[in-house]
Amino acid sequence: MLLTKEFQDLTLKKKKIENPALKDLYLFTVSHKTAPIPIREKFAIPECSLKETYQNPKKYKSLKAFLILSTCSRTEIYFVSDNLEQSINEIYIFLNASLNIEQRVAKEYSSVISNIEVINHAFKLASGLDSLVIGEKQILSQVKEAYFYAQKEKTLNKTLELLFQKIIQTAKEVHKNTNISKSSQSISSAAVELANKIAGPLKTKQVMVLGAGRMAKLVLEHILKISGSKETVVLNKSPHRIIEFPYKYKIDRSVPFENVYETMNDVDIVIAATGAPHFIIFAEQFNKVRKNQNKELFIFDISMPRNIDSEFGKLPNVHLYDIDSLQTIYNQTTTINIKDLSKTEEMIQEGKNKFIEQISNQSVQLLIKELKEKVEKIRTEKLMKFNSSKSTFTAKEVEYITRNIINSIFHTPITNLKDSTGSIELKIVKKLFDI
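Treat the numbers as computed from the prediction; the structure is a model and nothing was measured. (Residues numbered from 1 in each chain as written. Predicted model: local features only at pLDDT ≥ 70, side-chain atom pairs only at ≥ 80, totals over all residues. Heavy atoms only, no water.)

Draft legend 1. Spatial organisation of the sheet that holds strand 8 (residues 269–272). Read across the open sheet, the 6 strands follow the order 7-6-5-8-9-10; overall the sheet is parallel. The sheet terminates laterally at strand 7 (253–255) and strand 10 (318–321), the two strands that pair on one side only. Ignoring which end each strand starts from, the neighbouring axes of this sheet average 20° apart. As paired elements, strand 8 and strand 9 (residues 297–301) share 4 bridges and run parallel to each other. Its bridge partner lying in strand 9, Ile-269 is registered against Phe-298. Each of strand 5 (206–210), strand 6 (231–235) and strand 8 is contacted by helix 10 (residues 214–225), which is oriented at about 160° to strand 5, the strand it contacts most. (Pairing = 2+ DSSP bridges. Helix = DSSP H or I, 4+ residues; strand = E, 2+ residues; numbered from the N terminus. Axes fitted to C-alpha atoms, helices over the stretch in contact; angles between N-to-C directions. Contact = heavy atoms within 4.5 Å.)

Draft legend 2. The nonpolar core, seen in detail. Formed by 65 residues in total, the largest nonpolar core has its most connected members in Leu-67 and Leu-163. The leading source of residues in this core is helix 8 (residues 158–177), at 8 residues. Not counting chain neighbours up to four residues away, the residues in contact with Leu-163 comprise Leu-25, Ile-119, Ala-122, Phe-123 and Phe-355. Core analysis: the next-biggest nonpolar cluster, separate from the first, contains 35 residues, Ala-44, Ile-187, Ala-190 and Ile-269 among them. (Core = buried A, V, L, I, M, F, W, Y, C linked by side-chain atoms within 4.5 Å. Buried < 20%, exposed > 50% of the residue type's maximum accessible area, 1.4 Å probe, protein only.)

Draft legend 3. Examining a nonpolar patch on the surface more closely. Where nonpolar side chains cluster on the molecular surface, the patch consists of Ile-406, Phe-410, Ile-414, Ile-424, Ile-428, Leu-432, Phe-433 and Ile-435 and spans about 840 Å² of accessible area. Tallying contributions element by element places helix 17 (residues 424–433) first for the nonpolar patch, with 4 residues. Here Ile-428 is to be found in helix 17. A relative accessible area of 46% places Ile-428 in the partly exposed class. (Patch = residues over 30% accessible without salt bridge, like charges linked within 9 Å, V, L, I, M, F, W, Y side chains within 5 Å. Areas by Shrake-Rupley, 256 points an atom, 1.4 Å probe, with all protein chains shown as cover. Salt bridge = Lys/Arg side-chain N within 4 Å of Asp/Glu carboxyl O.)

Draft legend 4. Here's a closer look at the pairing of strand 2 (residues 65–70). Burial of strand 2 is extensive: 5 of the 6 residues sit out of reach of the surface. Taken together, the 6 bridges between strand 2 and strand 3 (residues 74–80) define a ladder with antiparallel strand orientation. The residue of strand 3 that forms the bridge with Leu-67 is Tyr-78. Connecting strand 2 to the next strand, strand 3, in antiparallel fashion are 3 residues.

Draft legend 5. Examining the environment of Gln-327 more closely. Relative to the helices and strands, Gln-327 resides in helix 14 (residues 323–333). The buried category is assigned to Gln-327, whose relative accessible area is 19%. In the structure, Gln-327 is positioned 196 residues away from Ser-131 in sequence and 9.5 Å away in space, judged by C-alpha atoms.

Draft legend 6. Region of interest: the side chain of Arg-40. Following the sequence through the fold, Arg-40 ends up in helix 2 (residues 37–43). By relative accessible area, Arg-40 is classed as buried at 3%. Apart from residues lying up to four places away in sequence, Arg-40 is in contact with Ser-31, His-32, Ala-35, Cys-72, Ser-73, Met-304, Ile-323 and Asp-324.

Right, dumping it as structure tokens:
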């Protein structure tokens, strides 16, 4: 994407905010900014494994609350902890137990951010400003799914609950009130657009789509959107999943998985978008049955983890593109309006300010509640002590009891105030008590 220097120089305004609700907020992230595809795919968590995956972090006492987000470009763990070092070590243990990732690898290719940086990142992410394809809307759906799943697993606290509610709301407003997503694509549609530019036009080409899930359906929808192909072939290991495809997506034929290599001889373009957790198509096996090495074959692998053996790129006249190479080409050939980017940034800043205000109000309300409870505990304990010996009191006794309660309430604050050397505490006390 061709971004002007003006936008490259734009950064979200970072306000230093001291807030008890945010001081224990952290993000562990492995993304397209920290790791290449061969590493990122090790961290990818298939949707079918989410329930099992969530059970491990639940065992760790240092993680007071958490949410896991796994997409084609990132695996992130948003968490709340009062012991960061212990939490990071337990995340390493979790990654090793669930995904067989060594601590050395997890440490090298991840980053950890905290407090307001997490807020900045989360708002940008949901609005599409941190995506492989700037402005894409699919990330919003993925964030919503991650939020709903964490809700279902009961791993959120008030801070994470409010944060994800606010970033989802803000991202919806961004997509509704700006054109940032209208000129952008999902990874699926970007693959089709690039196939049309690089290998097309598609209406003159035979295209094979691997998969029957959400990303494969988006590929088929976009093929139709750009006037279709000469022939569209769908391949999936579970034929029952594509029964409605001929009518809904106007595919010409479907083929069983065991015929994949023979079918690749007939097509010009392959777009892989399955949920398989490993390579399912191998260069060596294709090369054994390949009929014409002079015929060009374009392969776009938008799966995470990758489905297409990287050795395909070494075969003559085979052009292999993965998610990262798709992003590079797409961003070089697409322009987004600087006004839309600026407006998006303003809306994100407004959303962040509202979130900070809400979380601050919650913190104040919680503090007031705790303060009242502490004072009430002192009052109750003192009264119980006196009530146990008699039921009526003289004026002097009432004065003594009330003085005793007041002294007990103020003992700790006055001691701490005497130990204070700054003027800020004095100003706060004067304001609180209107002195």
